[in-house]
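Results of the structural survey
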Amino acid sequence: MSNSAVIGYSARAMGETLERMAYEPPALGELDVRVAITHCGVCYTDIQAIDDYYDITNYPFVPGHEIVGFVTESGSSVTALKAGDRVGIGWQGRSCGKCEWCLKGEEHLCIKIAHAGVWEPYGGFSSSVIVDSRFAYLLPEGMPAETAAVLMCAGITVYSALRRYSTSTRQNLAVVGMGGLGHLAVQFARRMNYDVTVISGSPEKRAEALAYGANDFMVSQPDILEENEFAFDLLLCTIHGDLDPVPLMDTLKKNGRFILVGFPDLSLNTRDLVSHQVSITGSFIGSRAVMREMLDFAQAHEITPKVELMPMSKVNEALQRVKDNKARYRIVLTSDQIQFFPGRS
Ligand SMILES: [Zn+2]
Ligand SMILES: [Zn+2]
């Protein structure tokens, strides 16, 4: 193993605890950049991928896809980035560039998306990654690294959905779940054309939800949801795990929309879905253009995720905190490796 070995934290097999692993830096393609990582956020998707929930994980698997770092090397055809540039990288690390979705600028829907993750070959819980330079985003000057990291997945995920369904008429939006995604969704939505209610199972989050700009807060109890029948135009559902969508969907107006941005397991009752003409839709990260727009929007409106910083060597502890729903609201790992650009963060 050479001195330039990458140090990452990998799961050797499905569901395993991450272990420190040294590996040769992957070869750089002509459009790729190599990025020395200073920060990487922890997303629930990392946990699901360690468990191969999506059926796309290759082991050993280095998770991590909310990356901030500095370009150290670029491929021969890269013109937009150079060594020393500070960039953010989200889940998508490349795209085919040829399918109908790539051609119309919706690269996040690329038909080859299953293998377009920055996880391949190895992700961001490491000292460096390679990525197609077109999926490494120059960060706004002065944006804190931990803010940028969280925006690269949690931020784009909620921003993209909120932007898609925003209209010139003011709408009633409920953000379901007040965690990493939810607390960002509130901040973005209140600066768009929405009245925002947070629906959460944790009554103690009321004050914070209102402080982030929510107009109202509701505990997700069946009787309370029932009292709010037909209250909302849209529900943005940010939660994972088992979910009974029926009481939530009854808070939607006729023609309302139930937007999933997490990956919950749910079973449907079609009676109200059909008779209320409710739509259920997914929303997945966002295109490159929307990513750039989101970064500018976040900078202009001072969107500020609440972040706990932890050293990358404590990655397993961090994953456990996320699994136990104890992170308030997002954990960002800081690299324990050498600082590549002293004095910058
Ligand atoms: Zn993510
Ligand atoms: Zn494509």
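Residues numbered from 1 in each chain as written. Chains lettered and ligands numbered in written order. Predicted model: local features only at pLDDT ≥ 70, side-chain atom pairs only at ≥ 80, totals over all residues.

Let us look at the overall build of the protein. Secondary structure summary: the protein contains ten helices and 17 strands in total. Taken against the 2.2 N^0.38 rule, which gives 20 Å for 345 residues, the C-alpha radius of gyration of the protein at 20 Å falls within 12% of a compact globule. Based on the C-alpha atoms only, the size of the protein along its principal axes is roughly 65 × 40 × 35 Å. (Helix = DSSP H or I, 4+ residues; strand = E, 2+ residues; numbered from the N terminus. Rg over C-alpha atoms; globule rule 2.2 N^0.38 Å.)

So, on to the domain arrangement of the protein. Domain boundaries in the protein define domain 1 (6-138 + 306-334) and domain 2 (156-282). With eight residues of domain 1 in contact, the opposing surface of domain 2 contributes six residues. Looking at the side of domain 1 that touches domain 2 residue by residue, the class counts come to three nonpolar, three polar and two charged. (Domains from an automatic or database assignment. Contact = placed C-beta atoms within 7 Å. Nonpolar A, V, L, I, M, F, W, Y, C, P; charged D, E, K, R; others polar.)

What follows deals with the environment of Gly 262. Within the secondary structure layout, Gly 262 lies in the loop between β13 (252-260) and β14 (264-266). Given 22 C-beta atoms within 10 Å, Gly 262 falls into the buried group. (Buried ≥ 20, exposed ≤ 12 C-beta atoms within 10 Å, placed from the backbone.)

With that settled, the discussion passes to the environment of Met 152. Relative to the elements of secondary structure, Met 152 occurs in helix α3 (residues 145-165). Separated by 64 residues in sequence, Met 152 and Asp 216 have C-alpha atoms that sit 27 Å apart. With residues near it in sequence (within four places) discarded, Met 152 still touches Glu 66, Ile 67, Gly 88, Ile 89 and Gly 90.

Another point: the packing of α3 against helix α9 (residues 288-300). Between α3 and α9, whose axes approach to 10 Å, the crossing angle comes to 100°. In this view, α3 runs roughly perpendicular relative to α9, as classed from their interaxial angle. Contacts between α3 and α9 pair Leu 151, Gly 155, Ile 156, Tyr 159, Ser 160 and Arg 163 from the former with Val 290, Met 291, Met 294, Leu 295, Phe 297 and Ala 298 from the latter. The class makeup of the residues in the contact of α3 with α9 is nine nonpolar, two polar and one charged. (Axes fitted to C-alpha atoms, helices over the stretch in contact; angles between N-to-C directions. Parallel < 35°, antiparallel > 145°, perpendicular 65-115°, else oblique.)

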